[in-house]
Amino acid sequence: MISPNLSAIFYLVSGILFILALRGLSSPDTSRQGNYFGIAGMIIAIVVTFLSIGNFSNSLVYVIIVLIIGGAIGAFIAFKIPMTAMPELVAGFHSLVGLAAVFVAIAAFLNPEAFNLGFVGQIKLASLIEMSIGAAVGAITFSGSIIAFLKLRGIMSGSPIIFGGQHFLNLILGVGIFVSIFFLCKTQESNIFWTVVMISFLVGVLLIIPIGGADMPVVISMLNSYSGWAAAGIGFTLENTALIITGALVGSSGAILSYIMCKAMNRSFFSVILGGFGADNSANDKNEKRDQKPVKSGNAEDAAFLMKNASSVIIVPGYGMAVAQAQHALREMVDKLKKNDIKVTYAIHPVAGRMPGHMNVLLAEANVPYDEVFELEDINNDFANSDVAFVIGANDVTNPVAKTDPKSPIFGMPVLDVEKCKSVLFVKRSLSPGYAGIDNELFYKDNTLMLFADAKKMTEDIVKNLD
Amino acid sequence: MEIDPFIFRLSIFILSIFIGYYVVWSVTPSLHTPLMSVTNAISSVIIVGAIIAALAGSSETVFDISSIFGFIAIVLAAVNIFGGFLVTQRMLQMYKKKKDKNK
């Protein structure tokens, strides 16, 4: 039973610990310590909440039981999940934050006395606005993340779903939410509150279905941001500093990540949100091109020979590596190369994979030291001085068209200058174009050797041939 | 006239956005995935609201409609808290520097 002032101070402390948790991520060395700060902040917030309520009736037992149930489920997932499934896990977690926000808002609406917000039918105006915004953003986060989860998991097709008047419908629904909140404030009618929640669920779905698979890094970051704003909205309702600080941190974090991802694709945030990118496949056009241009293709033996005689190799991983789970085989290959005194580095494009930093985690999982892994701007000049570029599962991010053809949909997107290498090894299952639906000029260059195979199998074969 | 406490909360909110802005820009890109999972975990501090809602019932009626929503929200947030922090920890353990044997 501690005073509201004291508990407010403790909430502030936990907010500061959360800031330090994010601060720790500025380098891998300090990151683990940062995570402990985060855990400490969470424990403080929960314990202080119990103490400040001071209601130790039967309810407390049930609260602790459900807390343990939830915790056990969470821990189980955390230990079992393979690293390649990280994007869908994060999407799934976002949906839980969103739904929790909705439920807390509903509980506050149904029982405002418990939160000191007034009485049923006479909820304080500011609180009512805050809780409806929290509920609306939470609901959008929830249903949007569910769609993102289904797309990433492959349960739902990753291709954009578009229909006529889509954006107009979203606009109407968006306006509908605000109008409903306005009337809710006037009438305190619970039906209107439910309407707001329902429309928001619908908006979340409609917002994410037109966005295609490779735009997922932006979507996940955006939903990350939304989950933060939802938490902040609830924080205002509950007048809780820890929640307000955290919501603001998470909100801006997600927004920055979305910005970084958009910039890495040279697309505006709005064009991603409006979606439909890469939907129109003018397949015939591509087939013609494919027939005309000759492609050099090789096998594992050729690739092994090329790399053995190189003095420096740059590896360019992409989503295909994650799909094929080729990171461990890749690491084996690199170990063999290093034994022959070949310098090997990794080049990572910011949007490689399905979420920010996706490739880095997979390489870390395969025990690749993080100081061998470089970001686009740090390594792009090295391609010209390297002997072999080994492209595994990446495509659009290496396409030189982005630099040369103003008509190309990816023109202006920063790409890895793979073509400047003396030779390029391109592991790919077929010549099919990448996500952007455009042909990669790199396939037809004289210094490119295409290795048509599954990424993992090809890498394993190369390893055998390196002996 | 006194300042509404809302203004103070708004100030905290806006300043925190700025803190978030600068802190997140300093996060190294290779840790962007752990950043997402940890922000996920900390945003589940929303559990405090869920606990308040769940504990609002009296000894006789532990479960009324509003506290049931609270209880469900506790489960959801707890999955996220434990899952988020543990998976972040698991990822961060994997980030290693080059070993000395490579010298």
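Cut-offs applied
Residues numbered from 1 in each chain as written. Chains lettered and ligands numbered in written order. Predicted model: local features only at pLDDT ≥ 70, side-chain atom pairs only at ≥ 80, totals over all residues. Heavy atoms only, no water. Helix = DSSP H or I, 4+ residues; strand = E, 2+ residues; numbered from the N terminus. Rg over C-alpha atoms; globule rule 2.2 N^0.38 Å. Contact = heavy atoms within 4.5 Å. Areas by Shrake-Rupley, 256 points an atom, 1.4 Å probe, with all protein chains shown as cover. Lys, Arg positive; Asp, Glu negative; His and termini not counted. Charge placed at Lys NZ, Arg CZ, Asp CG, Glu CD. Buried < 20%, exposed > 50% of the residue type's maximum accessible area, 1.4 Å probe, protein only. Expected span 1.5 Å × (residues − 1). Pairing = 2+ DSSP bridges. Core = buried A, V, L, I, M, F, W, Y, C linked by side-chain atoms within 4.5 Å. Buried area = accessible area lost by both parts, 1.4 Å probe. Salt bridge = Lys/Arg side-chain N within 4 Å of Asp/Glu carboxyl O. 1 Å grid on protein atoms, 1.4 Å probe; cavity = no way out; pocket = protein on both sides within 12 Å on 5 of 7 lines; lining within 4 Å. Points joined across faces, edges and corners; volume = space filled by probe spheres on them. Nonpolar A, V, L, I, M, F, W, Y, C, P; charged D, E, K, R; others polar. Axes fitted to C-alpha atoms, helices over the stretch in contact; angles between N-to-C directions. Phe/Tyr/Trp six-rings, centres within 6.5 Å; stacked < 30°, edge-to-face > 60°. Lys NZ or Arg CZ within 6 Å of the ring centre and 35° of its normal.

(A) Structural context of the overall build of chain A. Helix and strand content of chain A: 18 helices and 8 strands. Its C-alpha radius of gyration of 25 Å places chain A within 12% of the 23 Å reference for a compact globule of 467 residues. Its C-alpha atoms give chain A principal-axis dimensions of about 75 × 50 × 30 Å. A sequence separation of at least 24 residues applies to 77% of the contacts in chain A between residues at least 6 apart. Per element, the accessible surface of chain A, about 18,300 Å² overall, is 62% carbon and sulfur. One way to put it: in chain A the 31 positive side-chain charges average out to a point 1 Å from where the 35 negative ones average out.

(B) Expanded view of the overall build of chain B. What chain B contains, in helices and strands, is 4 helices and 0 strands. Order of helices (α) and strands (β) in chain B, N terminus to C terminus: α-α-α-α. Counting every position in chain B, which comprises 103 residues, the buried fraction comes to 57%. As displayed, chain B offers around 4,500 Å² of accessible surface, 69% of which is attributable to carbon and sulfur atoms.

(C) Spatial organisation of helix α7 (residues 190-208) of chain A. All names here are of chain A. Here α7 spans 28 Å end to end across 19 residues, near enough to the 27 Å set by a 1.5 Å rise per residue. Among the residues making up α7, those that are buried are Ile192, Phe193, Val196, Val197, Ile199, Ser200, Val203, Gly204, Leu206, Leu207 and Ile208. As for α7, its buried residues are in contact with α4 (86-110), α5 (125-153), α6 (166-187), α8 (216-238) and α10 (269-274).

(D) Looking closely at the pairing of strand β6 (residues 388-392) of chain A. Residues and elements named next belong to chain A. Among the 5 residues in β6, 5 count as buried, and that is most of the element. Where β6 meets strand β7 (residues 423-428), 5 bridges bridge the pair, whose relative direction is parallel. Of the residues in β7, the one forming a bridge with Phe390 is Leu425.

(E) Quick peek at the nonpolar core. Residues Val313, Ile315, Met333, Phe383, Phe390 and Ile462 of chain A are the most contacted members of the largest nonpolar core, which totals 191 residues. Examining the composition of this core, we find that 17 residues originate from one element, α4 of chain A, more than from any other. What Met333 of chain A contacts, discounting residues up to four positions off in sequence, is Met307, Ile315, Phe390, Thr459, Ile462, Val463 and Leu466 of chain A. In this structure, Phe236, Ile244 and Ala248 of chain A together with Phe13 of chain B belong to the second largest nonpolar core, which totals 5 residues.

(F) Layout of the interface of chain A and chain B. Between chain A and chain B, the residue contacts involve 104 residues of the former and 79 residues of the latter. Taking both sides of the interface into account, the surface hidden between chain A and chain B amounts to around 8,400 Å²; carbon and sulfur atoms contribute 77%. Counting every contact that joins chain A to chain B gives 1 salt bridge. We note a salt bridge from Arg9 of chain B to Glu239 of chain A, for which the minimum N-O separation is 3.4 Å. Only α1 (4-23), α2 (28-53), α3 (58-80), α4, α8, α9 (241-264) and α15 (358-365) of chain A provide two or more residues apiece to the side of chain A that touches chain B.

(G) Local environment of the layout of surface pockets. Estimated volume of the second largest pocket: approximately 800 Å³. Taken together, 27 residues line the second largest pocket, and the ones lying closest to its centre are Pro4, Ser7, Tyr11, Leu238 and Glu239 of chain A. Of all the secondary-structure elements, those providing two or more residues to the lining of the second largest pocket are α1, α2, α8 and α9 of chain A together with α1 (5-25) of chain B. Here the residues of the lining of the second largest pocket are counted per class, giving 16 nonpolar, 9 polar and 2 charged.

(H) Representation of the sheet that holds strand β4 (residues 343-348) of chain A within the structure. All names here are of chain A. In spatial order, the strands read β5-β4-β3-β6-β7-β8; together these 6 strands make up an open sheet with parallel pairing. Two strands in the sheet have a free side with no partner beyond their single neighbour: β5 (373-375) and β8 (448-452). Adjacent strand axes in the sheet meet at a mean angle of 25 degrees when their direction is disregarded. Pairing of strand β3 (residues 312-317) with β6, which is carried by 5 bridges, proceeds in the parallel orientation. When the bridges of β6 are listed, Ile315 appears paired with Phe390. Contacting β3, β4 and β6, helix α14 (residues 327-339) runs over the sheet at an angle of about 145 degrees to β4.

(I) Examining the packing of aromatic side chains more closely. Applying the stated criterion across every chain, the model contains 13 aromatic pairs over all chains. Each ring, one from Phe193 of chain A and one from Trp194 of chain A, has its centre 5.9 Å from the other, and the planes form 70 degrees; the classification is edge-to-face. Taking relative accessible area as the criterion, Trp194 of chain A reaches 29% and is therefore assigned partly exposed. Every member of this aromatic cluster is reached through a ring pair, and the members are Trp229 and Phe236 of chain A together with Phe6 and Phe13 of chain B. One residue, Arg354 of chain A, lies across the ring of Tyr319 of chain A, its end atom 3.6 Å from the ring centre.

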